[in-house]
Amino acid sequence: MTMKIFELKSLGETLTTREQGVLAREILEGFLSESEIKKVVINFEEVALTTHGFIDEFLGKLIDKFDQTSFTSKIGFKNLGDHKKIVNYVITDRWKDIE
């Protein structure tokens, strides 16, 4: 299985806008569309700040395209730190809406 690391810091230390979230999601979707890449690990290292709006655009909108099993098998996280709470909130809130 080929794994790709998505370094979020490449988009900046402060990721707060929905526009940045759209850009991050488009990059992630590009990685996921490559047949040789089976999993993308999102690395939050050196990202100082994220907001609900950014995470919702980045990850929340992907929930519409993947079920829980597919999402967790295709997307992983590294160095979440302080971002873990908001990432978990957005993802679980979206899954709750689907059910």
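Please refer to the structure placed before this passage.
Within any chain, residue numbers begin from 1 and follow the written order of that chain's sequence. Thresholds applied to this predicted model are a pLDDT of at least 70 for local features of residues and 80 or more for the giving and counting of side-chain atom pairs; totals over whole chains, interfaces and linings are not thresholded and use all residues. Hydrogens are left out, water is left out, and the side-chain values use all remaining heavy atoms of the structure.

Engineer: How should the pattern of salt bridges be read in this particular structure?
Structural biologist: Pairing between side chains of opposite charge can happen when their charged atoms approach one another. Between Lys or Arg on one side and Asp or Glu on the other, a salt bridge is scored when a side-chain nitrogen of the former is within 4 Å of a carboxyl oxygen of the latter. For the structure shown, the criterion picks out 8 salt bridges. Arg25 is paired through a salt bridge with Glu29; the nearest N and O atoms lie 4.0 Å apart. On the criterion of helical spacing, the pair formed by Arg25 and Glu29 is a turn pair, its members being 4 residues apart in helix α1 (residues 18-33). Throughout, exposure labels follow a simple rule: accessible area from a 1.4 Å probe, protein chains only, divided by the maximum for the residue type, with under 20% read as buried, over 50% as exposed, and the rest as partly exposed. Assessed through its relative accessible area of 15%, Arg25 is described here as buried. Across the salt bridge formed by Glu57 and Lys61, the nearest N and O atoms sit 3.2 Å from each other. Among the residues examined, Glu57 registers a relative accessible area of 9% and is labelled buried. Secondary structure counts use DSSP, requiring at least four H or I residues in a row for a helix and at least two E residues in a row for a strand, with both numbered from the N terminus.

Engineer: Just checking my understanding: could you explain α1 for this structure?
Structural biologist: Because an α-helix completes one turn every 3.6 residues, residues spaced three or four positions apart along the sequence face the same direction. Helix span, as expected, comes to 1.5 Å for every residue beyond the first. Here α1 contains 16 residues, and its C-alpha end-to-end distance of 22 Å stays within 8% of the 22 Å for a straight helix at 1.5 Å per residue. For α1, the elements touching its buried residues are β1 (2-7), β3 (37-43), α2 (52-58), α3 (68-74) and β5 (75-78). Contacts between residues were defined by any pair of non-hydrogen atoms, one from each residue, lying within 4.5 Å.

Engineer: In this structure, what is going on with the packing of aromatic side chains? I would like to understand it.
Structural biologist: To describe a pair of aromatic rings, you give the distance between the ring centres and the angle between the ring planes. Pairing of aromatic rings covers Phe, Tyr and Trp, the last through its six-membered ring, and needs centres within 6.5 Å; plane angles under 30 degrees mean stacked, over 60 mean edge-to-face, and all others mean tilted. One pass over the structure, following the stated rule, counts 5 aromatic pairs. Look at Phe6 and Phe31: their rings are 5.6 Å apart centre to centre, the planes differ by 80 degrees, and that puts the pair in the edge-to-face class. One end of the pair, Phe6, is in strand β1; the other, Phe31, is in helix α1, with 25 residues separating them in the sequence. Each member of the pair, Phe6 together with Phe31, is buried. With 5.6 Å between their ring centres and 85 degrees between their planes, Phe71 and Trp95 make a pair best called edge-to-face. Separated by 24 residues along the polypeptide, Phe71 in helix α3 and Trp95 in helix α4 (residues 84-98) bring together distant segments of the chain. Look at Phe71 and you get buried, because its relative accessible area is 2%. Classification of Trp95 as buried rests on a relative accessible area of 12%. The structure contains a cluster of three or more aromatic residues connected by ring pairs, namely Phe6, Phe31, Phe54 and Phe58.

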